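Okay, here's what each chain looks like letter by letter:
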Amino acid sequence: MLRSFLMLGLLLSPQALAQKSDVPKARHVVLFLVDDLGWQDTSVPHHTEKTPLNERYRTPHAERLAEEGLVLRHGYASSPVCTPTRTAIHSGQSPARSHITYWTLYADRDQTTPWARKDASRLVAPAWDVNGLDQSDPTLARLFSDAGFRTVHAGKAHLGAIGSSGADPLNLGFDVNIAGHGPGGPGSYYGQHDFRANGRRGKPGKSVWDVPGLEAYHQKDVYLTEAIVEETCGAVRQAAKDGKRLFLSFAPYAVHAPIMPNKKYLEHYPDLDPKEAAYATMVETVDHALGALLATLEDEGMLKDTLFVYTSDNGGLSAHGRGGEQHVHNAPLRSGKGSAYEGGVRVPWIVRWPGVVAKGTTSDVPVISHDLYPSLLAAAGVSTPKDHVLDGVDLTPFWQGGDLDREHPLVWHMPHFWGVHGPGIQPYSALRQGSLKLLFFQGDGRIELYDVAQDPGETQDLAPERPADARRLAQLLAAELLRRKAQAPRIKGGGQPLGVMAALNEMQR
């Protein structure tokens, strides 16, 4: 199937990134990974100016992070959907290499099958890793745990399918698991529903979506994010009491569907569409959880020695489930979750690292989720396995104020139809080098080229007027897909789809 990409050019061998001995070491590391949080879904602007969406949300604790750290305005997720990004963070490998290119649910079951009927393209998704991460993988948590850290996961895991070893974070190197399991969304956000899907529907019985491990909060007037952070703060205090270095992966299920309001904050949004008001309360609740974690770390004397990274696993939901007009919830970016366009993959990124990251700074240097694997390890002085091939790069020299030396461009590969129609929601591969982003839509062989620094809304396709750049980047994308051993989709009924270079040649005839 790889031949179908018609790759050209020499392959570049990946090189291990030398960890610089002069990089100060973080005693503690916190990854704060919000689910489905869009690029403008906080009051911290990631654009060149504050947007109306920034004005909508109440996130003072995210503002504190930004004031005390670095805002990366061109920060990306590894995929426009959740599991591929989450596994990329915890493995350091892009979805193109890991073959975890779609969201997982049940072991050994292709989760793309139920959506194939809605796909108008002529493609069939390739064989992909339907189980996600495995207990034998050298995950972030395992490496931190082996180095003596207390490793805590809290909230949504979605790193391995139900029935596989990776469904339980404890099998992936975490010492403590708070409410994490295989599914990627909660049954309910309300303790009065026991966080059950059927509880939300007013019915008895269990489902796979029910959030585990929070029985102490059942039948109580508590929001899921609040329960998770309360348990997490307890785990942080225990780590401090035990004198342990901490690696915390805090990943609230919010703001993933179902969109359910935290009713005590609804009064803050009287003029919004009811669905959008509910969504805003979810964002605000996540920010209160951020504030609680920061306060706990500070109370325990840990915050001054903590590297804290705040980001999202994919672009904000916009094709369905939100109020108002579809496909505009990440404006000025185009489209949203599931899409090849910027709204699907550009996400909030804030880094706070006292004594290392300059306060109140911004950067337009592109970074991507799987950069976090080598970066968090290097920041803490933990070595990466020599035989583990990485696609991410160590950002710590860049965070110190130096240049970012990236040998290979940013690459996305999602040979699947997500299941909801919208702009750019198609099987695709893409590449960003410098300010240019090339998109290859695998179903119809369409190639598009944008300068996303000057045109973040991807309104002007430059491919027809800049054919030399389109050819150069198409060739580079083809080589990168081959280097990472990416799997190509196939044509329904047989045959081979157009590869990147063949599609470009067709377009230029």
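Structure shown above.
Predicted model only: the values in this text are computed from it and were never measured.

Engineer: Would you mind showing me how to read the environment of Gly-185 here?
Structural biologist: Mapped onto the secondary structure, Gly-185 falls in the loop between strand S6 (176–178) and helix H7 (197–200). Each C-alpha atom, one on Gly-185 and one on Lys-244, is 31 Å from the other, the two residues being 59 residues apart in sequence. Excluding its chain neighbours within four sequence positions, the residues that come into contact with Gly-185 are Trp-209, Tyr-253 and His-256.

Engineer: How should I be thinking about the pattern of salt bridges in this particular structure?
Structural biologist: Two side chains that carry opposite charge are able to pair once their charged atoms sit near each other. All chains considered together, the criterion is met by 27 salt bridges. Between Lys-337 and Asp-36 there is a salt bridge; the shortest N-O distance is 3.1 Å. Of the two residues, Lys-337 is situated in the loop between strand S8 (306–312) and helix H10 (342–345) and Asp-36 in the loop between strand S1 (28–34) and helix H1 (52–56); the sequence distance between them amounts to 301 residues. Using a relative accessible area of 6% as the deciding quantity, one classes Lys-337 as buried.

Engineer: When you look at the nonpolar core in this model, what are you seeing that I'm missing?
Structural biologist: Burial of nonpolar side chains together is a common tendency in soluble globular proteins. Among the nonpolar cores identified, the biggest contains 57 residues, and Phe-32, Tyr-189, Leu-214, Phe-250 and Tyr-310 are the most heavily contacted of them. Taken together, the elements giving at least two residues each to this core come down to S1, helix H2 (60–67), strand S5 (150–155), helix H8 (224–241), strand S7 (246–251), helix H9 (274–299) and S8. Ranked by residues supplied to this core, first place goes to H9 with twelve residues. Aside from chain neighbours lying at most four places away, what touches Phe-32 is Phe-250, Val-286, Leu-290, Leu-293, Phe-308, Val-309, Tyr-310 and Thr-311. Leu-70, Leu-140, Phe-247 and Val-356 belong to the second largest nonpolar core, which has 36 residues in total.

Engineer: Mind showing me how you'd approach the layout of surface pockets here?
Structural biologist: Sizing a probe to match a water molecule and rolling it over the atoms shows the empty space that remains. The calculated volume of the second largest pocket comes to roughly 540 Å³. Around the second largest pocket sit 24 residues that line it, and Trp-103, Trp-209, His-256, Ala-257 and His-320 are the ones nearest its centre. Tallied by class, the residues present in the lining of the second largest pocket amount to twelve nonpolar, seven polar and five charged.

Each value, and the rule that gives it
Residues numbered from 1 in each chain as written. Predicted model: local features only at pLDDT ≥ 70, side-chain atom pairs only at ≥ 80, totals over all residues. Heavy atoms only, no water. Helix = DSSP H or I, 4+ residues; strand = E, 2+ residues; numbered from the N terminus. Contact = heavy atoms within 4.5 Å. Salt bridge = Lys/Arg side-chain N within 4 Å of Asp/Glu carboxyl O. Buried < 20%, exposed > 50% of the residue type's maximum accessible area, 1.4 Å probe, protein only. Core = buried A, V, L, I, M, F, W, Y, C linked by side-chain atoms within 4.5 Å. 1 Å grid on protein atoms, 1.4 Å probe; cavity = no way out; pocket = protein on both sides within 12 Å on 5 of 7 lines; lining within 4 Å. Points joined across faces, edges and corners; volume = space filled by probe spheres on them. Nonpolar A, V, L, I, M, F, W, Y, C, P; charged D, E, K, R; others polar.

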